[in-house]
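The residues making up each chain are set out below.
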Amino acid sequence: MSGSDAWSRPVPSREPAAWGGAPAGEPAAWGGPALASDSVISLRGVSRIYSTGRLQVPALLDVDLDVAPGEFLAVVGPSGSGKSTLMHILGCLDRPTAGSYRLAGTSVAELADDDLARLRSRTIGFVFQSYNLLPRTTALENVAAPLLYQGVDRKTRLARAAASLERLGLGDRLAHEPNELSGGEQQRVAVARALVTDPALLLADEPTGNLDSASGAEVMRLFDELHEQGRTLVLITHDHEVAARARRQVHVRDGRLVDGRPAA
Amino acid sequence: MKTFELIRLALSRLGSARLRAGLTMLGIIIGVASVVALVAVGQGATRGITSRLEALGTNLLTVNPGASFSGFTRGAAGSAASLTVEDATAIGTIGGIAGVAPELSTQALVVAGSKNTTTTIVGTTASYAAVRNQTIWVGSFLTDASNAGALRVAVLGSTTADTLGLGQSALGQTIHIGGLPFTVIGILQAKGSTGPSNQDDQVLVPLTTARHSFVGGDRVRSIGVSVATAAGITDAKDAITALLRQRHGTNGTNDDFSIQDQAQLLGTAESVSTLLSILLAGIASISLLVGGIGIMNIMLVSVRERTREIGIRKAIGARGSDILAQFLIEALTLSLLGGLIGIVVGVGISALIGEIAGWGFVFSPVTVIVAAVFSLIVGVVFGVWPARQAAQLDPIAALRFE
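Model, not experiment: these values are computed from the prediction.

## Concerning the overall build of chain A
A count of helices and strands for chain A gives seven helices and 10 strands. The buried share of chain A, taken over its 264 residues, is 48%. Of all intrachain contacts in chain A linking residues separated by at least 6 positions in sequence, the fraction that spans at least 24 positions is 72%.

Quick look at the structure:
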């Protein structure tokens, strides 16, 4: 990987400043000097144990993981391996029962639910297998929705959402609702939504799982581009072919990270 | 700013499910409309009763004779013939009294041409018109002169005149009362009262004439007293009581008269109709409660249906409070909009009922404000629980929800 500051500015970009969308006067949450040489993700001894009555089911055990800015990482594992739990923890949707997790310099364990929501809103862009677009809501409103929860005013919100959609080649689909879009288009809308907040981390959970191979390839090409622009990407998949597109892979099996080494 | 955005979001959500929103609001609409309409009906009825009682004479005191005694047997109240014309004259000298009208009454057959009726013949004075709040429709009322001369003149109540087939042209015509000829000098304006003591169905003749022709003696059946101001009623009552005790030599244990107070009657009628209003409003608020439960039901269904949406919103950065606000605003919009429509419908219904019942349009701003506030409270009370459920959803579980 390139230099440690790569993620903060796109380095080998074909579209310079394409994603530098955060307006002046609104510093991105992750843009603090403390992070300049830090990892985006830093897991230390993270476990997640589900307690159902007296039964304790460990979904993740003692996981250490670091993701440097600008990295493109694939977390690979069969279903039931704990990779979804890992994704939830990485995405701040869940908290580890043991160990520490620092996301963009912030220690997640100490955060209250509302702070967690704020961290999610400012730091992470989600792409889900089933797109998870808001139903009966136009593509434009869908992409603008994360900005609503950041308190961005409507005009700016819609302008940024439109810009984000146009960059993904969906400029002519702004007024379409999810059920009027193809699977590939819906996933691109979801990517546009994930990127509209200019997040430090793009977290994708089986992004090609519901797509035909052509659309899937298109989405993977998109991820390649984003990586080239300096985005930090974490891709969760059971598909080795998809995982092979990442620059680095880690494998999860039975709640443990089997191979956490950086790729050569 | 954000609140405004959330309102916009809630409105667009409701707009996309118009039928459901409409049906949900229907419960609140019916509840609020019935509260507004029924309270207005209660107030209208109160006003109707009050105005009818006031038509009987404002600030009116009626002095009635006490019970007669035959040996040790007490007769009915008013059966004694203890009041005299002189009593009436004496009462007229008390300060703060606007008019005194002694009354004598008897039943007699009245014949006009080929028609006849048996009705109440009231012997009274010129003050009767003012005391009993009577106005003349055609002709003239009894005068002091007609009383002094004991003239055989008669003023007809409107119902009596109708029964006898007498109209404007009847002035100067001769009718026979108890076989004696009387000249019709006037017909009273209808007062719209009904029942056994119908003031529209009577014939007024001079007091002196009645005494000479029908009753005899100087006893009167009752004395109507009109007090100058409503505030002076109690004082006037006390003064009359003292005067009559002195004149009749009684001391409170053996009074041979009683004084009936119009204000008492008015107060009783008003408290009855206030009770009626509260009862009606109580019944109506049950439907408001049911409407509120309807909102809660729909909101709970909506939270369940939109579990996934809530999960997505949480994943993209919505806090619990954002979700809470979104659902609460939806519930509030439903209840407030329903409340406003309900107020309009309720005011319309009360105007219609007022028109039919004849007491006119009663608009009570207090009721409208109370109804609006109440529907707001319904929205909050029944919206909070579903909204909290939505806010507390676990985002992971919500995202998995199908």
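Let's pick the thread back up.
## Topic: the overall build of chain B
Along chain B, the regular secondary structure elements total 13 helices and 12 strands. Taking all 402 residues of chain B together, 43% fall into the buried category. Taking the intrachain contacts of chain B between residues at least 6 apart in sequence as the baseline, contacts between residues at least 24 apart amount to 81%.

## Looking at the interface of chain A and chain B
Listed per partner, the contact involves 22 residues of chain A and 18 residues of chain B. Sort the elements by how many residues they give to the side of chain A that touches chain B and helix H2 (residues 113-123) of chain A lands first, with five residues. Looking at the side of chain A that touches chain B, its residues break down into nine nonpolar, five polar and eight charged.

## A word on the confidence of the model for chain A
The share of residues in chain A with pLDDT of 70 or more is 84%, and the mean pLDDT across the chain is 83. In the predicted structure, residues 1-37 of chain A sits below a pLDDT of 50 and forms 53 contacts with residues beyond four places in sequence or in another chain.

## Side note on the sheet that holds strand E4 (residues 98-103) of chain A
All names here are of chain A. In spatial order, the strands read E2-E1-E4-E5; together these four strands make up an open sheet with antiparallel pairing. At either margin of the open sheet sits one strand with a lone partner, and together these are strand E2 (55-67) and strand E5 (106-107). As paired strands, strand E1 (residues 41-52) and E4 are joined by five bridges and run antiparallel to one another. Pairing of Ser-47 across the sheet is with Ala-98, part of E4.

## Focus on helix H4 (residues 154-167) of chain A
Residues and elements named next belong to chain A. Over its 14 residues, H4 runs 20 Å from end to end, which matches the ideal 20 Å to within 8%, given 1.5 Å per residue. Restricting attention to buried positions, one finds in H4 the residues Arg-157, Arg-160, Ala-161, Ser-164 and Leu-165. Buried residues of H4 fall within an arc of 135° about the axis and therefore sit on the same side. Against the buried residues of H4 lie helix H3 (139-148) and helix H5 (183-195). Remark: Gly-169 follows H4 within two positions and exhibits a positive phi of approximately 75°.

## Comments concerning unusual backbone geometry
The phi torsion of most residues other than glycine is negative, and most of the peptide bonds are trans. Residue and element names in this part refer to chain A. Of note in the backbone geometry, Tyr-131 takes a positive phi value of approximately 65° without being a glycine. Of note, Tyr-131 is situated in the loop between strand E6 (124-127) and H3. Here Asp-198, not a glycine, exhibits a phi torsion of approximately 55°, which is positive. Taking the C-beta count within 10 Å as the criterion, Asp-198 has 20 such neighbours and is therefore assigned buried.

## Comments concerning the sheet that holds strand E10 (residues 256-257) of chain A
Read from one edge of the open sheet, six strands run E6-E7-E8-E3-E9-E10 (chain A), paired in mixed fashion. Each edge of the open sheet is held by one strand with a lone partner, namely E6 and E10 of chain A.

## Observations concerning the environment of B:Gly294
All names here are of chain B. Mapping Gly-294 onto the fold places it in helix H9 (residues 262-305). For Gly-294, a count of 23 C-beta atoms within 10 Å translates into the label buried. Sequence-wise, Gly-294 and Ile-28 are 266 residues apart; in three dimensions their C-alpha atoms are separated by 8.4 Å. In this structure Gly-294 touches Thr-24 and Gly-27, once residues within four positions along its chain are discounted.

## Points about the packing of H9(B) against helix H12 (residues 365-391) of chain B
Residues and elements named next belong to chain B. Direction vectors running N to C along H9 and H12 enclose 25°, while the axes themselves pass 9 Å from each other. Classified by the angle their axes make, H9 and H12 are roughly parallel. Remark: the crossing between H9 and H12 carries right-handed chirality. On H12, the residues that touch Leu-288, Gly-291, Gly-292, Ile-293, Ile-295, Met-296, Met-299, Leu-300 and Val-303 of H9 are Phe-374, Val-378, Gly-379, Val-381, Phe-382, Gly-383, Trp-385, Pro-386, Gln-389 and Ala-390. Taken together, the residues that form the contact of H9 with H12 break down as 14 nonpolar, five polar and no charged.

## Observations concerning the confidence of the model for chain B
Caution is warranted with low-pLDDT regions, since their predicted coordinates should not be read in detail. Mean pLDDT over chain B: 84, with 94% of residues reaching 70 or higher. Reported confidences for the modelled complex are a pTM of 0.68 and an ipTM of 0.81.

## Considering the pairing of strand E1 (residues 60-65) of chain B
Residue and element names in this part refer to chain B. Pairing between E1 and strand E11 (residues 222-227): four bridges, direction antiparallel. Among the inter-strand pairings, Thr-62 is bridged to a residue of E11, identified as Gly-224. For E1 and strand E12 (residues 257-261), the ladder comprises five bridges, and the chain directions are antiparallel. Each residue of the ladder has a partner; that of Asn-64, found in E12, is Ser-258.

## Section: helix H10 (residues 307-315) of chain B
When you tally the buried positions in H10(B), you get seven out of nine residues, the bulk of the element. Restricting attention to buried positions, one finds in H10(B) the residues B:Glu309, B:Ile310, B:Gly311, B:Ile312, B:Arg313, B:Lys314 and B:Ala315. The inward-facing, buried residues of H10(B) abut H2 and E6 of chain A together with helix H11 (320-357), H12 and helix H13 (395-400) of chain B. One or two residues past the end of H10(B) sits B:Gly317, with phi positive at roughly 115°.

## Side note on the nonpolar core
The tendency in soluble globular proteins is for nonpolar side chains to be buried side by side. Membership of the largest hydrophobic core comes to 127 residues, with the highest contact counts inside it found for A:Leu73, A:Val234 and B:Val36. Broken down by element, this core gets its largest block of residues, 15 residues, from helix H2 (residues 18-55) of chain B. Once residues lying within four places of it in the same chain are set aside, the contact partners of A:Val234 are A:Val67, A:Leu73, A:Val75, A:Leu90, A:Leu201 and A:Leu203. Core analysis: the second largest hydrophobic core is formed by 47 residues, B:Val153, B:Ile175, B:Phe182 and B:Leu244 among them.

Procedures and definitions
- Residues numbered from 1 in each chain as written.
- Chains lettered and ligands numbered in written order.
- Predicted model: local features only at pLDDT ≥ 70, side-chain atom pairs only at ≥ 80, totals over all residues.
- Helix = DSSP H or I, 4+ residues; strand = E, 2+ residues; numbered from the N terminus.
- Buried ≥ 20, exposed ≤ 12 C-beta atoms within 10 Å, placed from the backbone.
- Contact = placed C-beta atoms within 7 Å.
- Nonpolar A, V, L, I, M, F, W, Y, C, P; charged D, E, K, R; others polar.
- pLDDT = per-residue confidence, 0-100.
- Pairing = 2+ DSSP bridges.
- Expected span 1.5 Å × (residues − 1).
- Arc of directions from axis to C-beta.
- Axes fitted to C-alpha atoms, helices over the stretch in contact; angles between N-to-C directions.
- Parallel < 35°, antiparallel > 145°, perpendicular 65-115°, else oblique.
- Left-handed = near helix turned anticlockwise from the far one by under 90°.
- Core = buried A, V, L, I, M, F, W, Y, C linked by C-beta atoms within 7 Å.

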